[in-house]
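# Structural overview for review
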Amino acid sequence: MAKVAFIGLGVMGYPMAGHLKVRGGHDVTVYNRTAAKAEQWATAFGGRTAATPAEAAKDQEFVFSCVGNDDDLRSVTTGENGAFETIGQGAIFIDNTTASAEVARELYSAARAKGAHFIDAPVSGGQAGAENGVLTVMCGGDSEAFDRARPIIDSYARMVGLMGPAGAGQLTKMINQICIAGLVQGLAEGIHFGKRSGLDIEKVIDVISKGAAGSWQMENRYKTMNAGKYDFGFAVDWMRKDLDIVLAEARRNGAKLPVTALVDQFYADVQALGGNRWDTSSLLARLEK
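Just so you know, these numbers come straight off a predicted model, no measurement behind them. (Residues numbered from 1 in each chain as written. Predicted model: local features only at pLDDT ≥ 70, side-chain atom pairs only at ≥ 80, totals over all residues. Heavy atoms only, no water.)

Moving on to the pairing of strand S8 (residues 135–140). Here S8 lies mainly inside the structure; five of its six residues are buried. Here strand S7 (residues 123–124) pairs with S8 via two bridges, running antiparallel. Each bridged residue has a counterpart across the sheet, and for Val123 the counterpart in S8 is Val137. Here six bridges tie S8 to strand S9 (residues 157–164), and the two strands are oriented parallel to one another. The residue of S9 that forms the bridge with Thr136 is Met159. (Buried < 20%, exposed > 50% of the residue type's maximum accessible area, 1.4 Å probe, protein only. Helix = DSSP H or I, 4+ residues; strand = E, 2+ residues; numbered from the N terminus. Pairing = 2+ DSSP bridges.)

Where helix H11 (residues 236–253) contacts helix H12 (residues 258–272), the axes come no closer than 10 Å and their chain directions differ by 150°. By the angle between their directions, the pair H11 and H12 is classed as roughly antiparallel. Crossing hand, H11 versus H12: left-handed. Here Val236, Asp237, Met239, Arg240, Leu243, Val246 and Leu247 of H11 lie close against H12, whose contacting residues are Thr260, Ala261, Asp264, Gln265, Tyr267, Ala268, Val270 and Gln271. Taken together, the residues of the contact of H11 with H12 sort by class into nine nonpolar, three polar and three charged. (Axes fitted to C-alpha atoms, helices over the stretch in contact; angles between N-to-C directions. Parallel < 35°, antiparallel > 145°, perpendicular 65-115°, else oblique. Left-handed = near helix turned anticlockwise from the far one by under 90°. Contact = heavy atoms within 4.5 Å. Nonpolar A, V, L, I, M, F, W, Y, C, P; charged D, E, K, R; others polar.)

Moving on to unusual backbone geometry. With phi around 65°, Asp59 is a residue other than glycine that occupies positive phi space. The phi dihedral of Asn81 falls on the positive side, at around 60°, and the residue is not glycine. Structurally, Asn81 can be placed in the loop between helix H4 (70–77) and strand S5 (92–95). Given the relative accessible area of 34%, Asn81 is considered partly exposed.

This brings us to the environment of Lys195. By secondary structure assignment, the location of Lys195 is in helix H8 (residues 168–196). You can call Lys195 partly exposed: its relative accessible area is 31%. With 31 residues separating them in the primary sequence, Lys195 and Asn226 have C-alpha atoms 8.9 Å apart. Beyond its immediate sequence surroundings of up to four residues, Lys195 is in contact with Ile201, Met225, Asn226, Leu284 and Glu288. Polar contacts involving the side chain of Lys195 include one to the side chain of Glu288, which spans 3.2 Å. (Polar contact = N/O pair within 3.5 Å; in protein donor to acceptor, adjacent residues only side chain to side chain.)

Take a look at the structure:
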């Protein structure tokens, strides 16, 4: 059993912290900006709450975070009453936020200056993956810290990998989002084309999903897409946040991402339709408006 803190109890962090307590059997203290959510978690799982990130991190072996963006992450780490005020020598901070590689490297250096470790560890699998404890976790950092943290991360993960030094986890998550964006647009166009052609989409997908066109998105989203239902996963607002990070990194490293940039604009069209909280498969709604 390890002493663990978890900062940020949103739709991802809440169940992830729960798995650390129940499946991992760890001693878990939580902090959330809305204190009532932390109290709710503590009642449900039997852990403790803290009034600030600094209080949560004090005397912990591992400190996790899952917050909104770079600014939120800086606030709970190096900001006033942030976790880095109290993080101990040798402690490991594991950040599950999807953020920039730049902030990951910045916080890695800040943690090392405190004698602690930092691992950027963004996740893939969405809310369902968090609830079921089967997330894919892409890590960046030092191998020694990763080897110590991996058994703890396993509490909520199906796949955990060290991708390279600080920032490599975030860069890998960017690739994940690049691939998803293109796949979902292709699936949306395929379903749209099939409907316009008068085909039975169920029959079409049953056949093509067994061949080279098959994908997780096809297997798990075509039915809801075909039914015009878009409340089954990762929201458009979140995807646009992620793609903004991707495109900013591409401007820095010179990568050419024409399809990703185009799909990002298609998601902006979905937002204009009122689909901010629809899931990412709602690209089909834009084609059928």
